[in-house]
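A look at the structure
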Amino acid sequence: LKDYMNGQEVALTPREASKDHVEDTFLLPKEHKCNLCDYSAYEEINLKNHMNKFHLDKKNVLLKDYNCSQCAYTTNQKRYLNAHLNTVHLGIKSYECSQCDYGTNLKAHLKLHVNTVHLGIRNYKCTQCSYETNRKNRFDEHVNGVHLGIKRYKCSQCDYGTNQKLNLIFMLILFILE
């Protein structure tokens, strides 16, 4: 299994790689359910962390969530939900790149695409390695994961961690299928 955030292989212990570990970790009954989205957790502390991360602002005021009715996408801004629906589910793209087949419903995303892909502009440059990007969130993930060793998504039963949620899900699928 590779951690695609930094391209390095993740070493798994026999416990981490066992089917029983994955089943215990991910298939236990998740009785603590979020009343604002489809999230559920085995432990109450995980639900509290979810609420703090996705549904509360810094003053513990409930954020208004917009959830896609066709997939798991969620956002705190209605315009992003509409752009998601049009682009992902309806295939409508209001802004198209004149240099390639990229399309989006957000003008800012088209500008970011052109600057990054076609003009090679990278506003965020790592001072510790050659990593460059035009997205602050990806830059922060890079620094935290590669240089500080901070992993945003962690297995609740072992030491495996990653900054890409899909990597954690991918690990689960791989071990269930074995």
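Residues numbered from 1 in each chain as written. Predicted model: local features only at pLDDT ≥ 70, side-chain atom pairs only at ≥ 80, totals over all residues. Heavy atoms only, no water.

An unreviewed UniProt entry annotates the chain as C2H2-type domain-containing protein of Cryptolaemus montrouzieri. UniProt's Subcellular location (unreviewed entry) comment on the chain is quoted here verbatim: "Nucleus". (UniProt positions renumbered as here; feature names shortened; annotations may be inferred.)

Helix and strand counts for the chain stand at 7 helices and 12 strands. Look at the contacts in the chain between residues 6 or more apart in sequence, and 22% of them connect residues 24 or more apart. A total of about 12300 Å² of accessible surface is found on the chain, and carbon and sulfur atoms cover 51% of it. (Helix = DSSP H or I, 4+ residues; strand = E, 2+ residues; numbered from the N terminus. Contact = heavy atoms within 4.5 Å. Areas by Shrake-Rupley, 256 points an atom, 1.4 Å probe, with all protein chains shown as cover.)

The next point concerns the state of the cysteines. Under the criterion given, the structure shown has 0 disulfides. Distance from the sulfur of Cys 126, which forms no disulfide, to the nearest cysteine sulfur (Cys 129) is 3.8 Å. By relative accessible area, Cys 129 is classed as partly exposed at 33%. (Disulfide = S-S within 2.5 Å. Buried < 20%, exposed > 50% of the residue type's maximum accessible area, 1.4 Å probe, protein only.)

A cluster of nonpolar residues, Leu 166, Ile 169, Ile 173 and Leu 177, forms a patch on the protein surface that exposes about 420 Å² of accessible area. As for its placement among the helices and strands, Leu 177 is situated in helix 7 (residues 165–177). (Patch = residues over 30% accessible without salt bridge, like charges linked within 9 Å, V, L, I, M, F, W, Y side chains within 5 Å. Salt bridge = Lys/Arg side-chain N within 4 Å of Asp/Glu carboxyl O.)

Owing to its 3.6 residues per turn, the α-helix aligns residues three or four sequence positions apart on the same side. An ideal rise of 1.5 Å per residue puts 16 Å on 12 residues; helix 4 (residues 78–89) measures up with 16 Å between its terminal C-alpha atoms. When helix 4 is considered as a whole, its buried residues turn out to be Leu 81, Ala 83 and His 84. Buried positions in helix 4, seen along its axis, are confined to an arc of 160° and lie on one side of it. Seen from the buried face of helix 4, the exposed residues on the opposite side, beyond 90 degrees, are Lys 78 and Arg 79. The inward-facing, buried residues of helix 4 abut strand 5 (66–67) and strand 6 (74–75). Phi turns positive one or two residues past the end of helix 4, at Gly 91, with a value near 70°. (Expected span 1.5 Å × (residues − 1). Arc of directions from axis to C-beta.)

Take the UniProt feature "domain: C2H2-type" (unreviewed entry) in the chain next. The residues that UniProt annotates with the feature "domain: C2H2-type" (unreviewed entry) are residues 66–94, 95–123 and 124–152. Between the end C-alpha atoms of residues 66–94 there is a gap of 21 Å, over a span that is 41% helix and 14% strand. Within residues 124–152, the helical portion is 41% and the strand portion 14%, while the C-alpha atoms at the span's ends are 20 Å from each other.

As a further point, take the side chain of Thr 104. With respect to the secondary-structure elements, Thr 104 resides in strand 8 (residues 103–104). Of the residues examined, Thr 104 reaches a relative accessible area of 6% and is grouped as buried. A distance of 3.3 Å separates the side chain of Thr 104 from the backbone nitrogen of Leu 106, its partner in a polar contact. Setting aside residues no more than four positions away along its own chain, Thr 104 makes contact with Thr 87, Lys 93, Ser 94, Tyr 95, His 109 and Leu 110. (Polar contact = N/O pair within 3.5 Å; in protein donor to acceptor, adjacent residues only side chain to side chain.)

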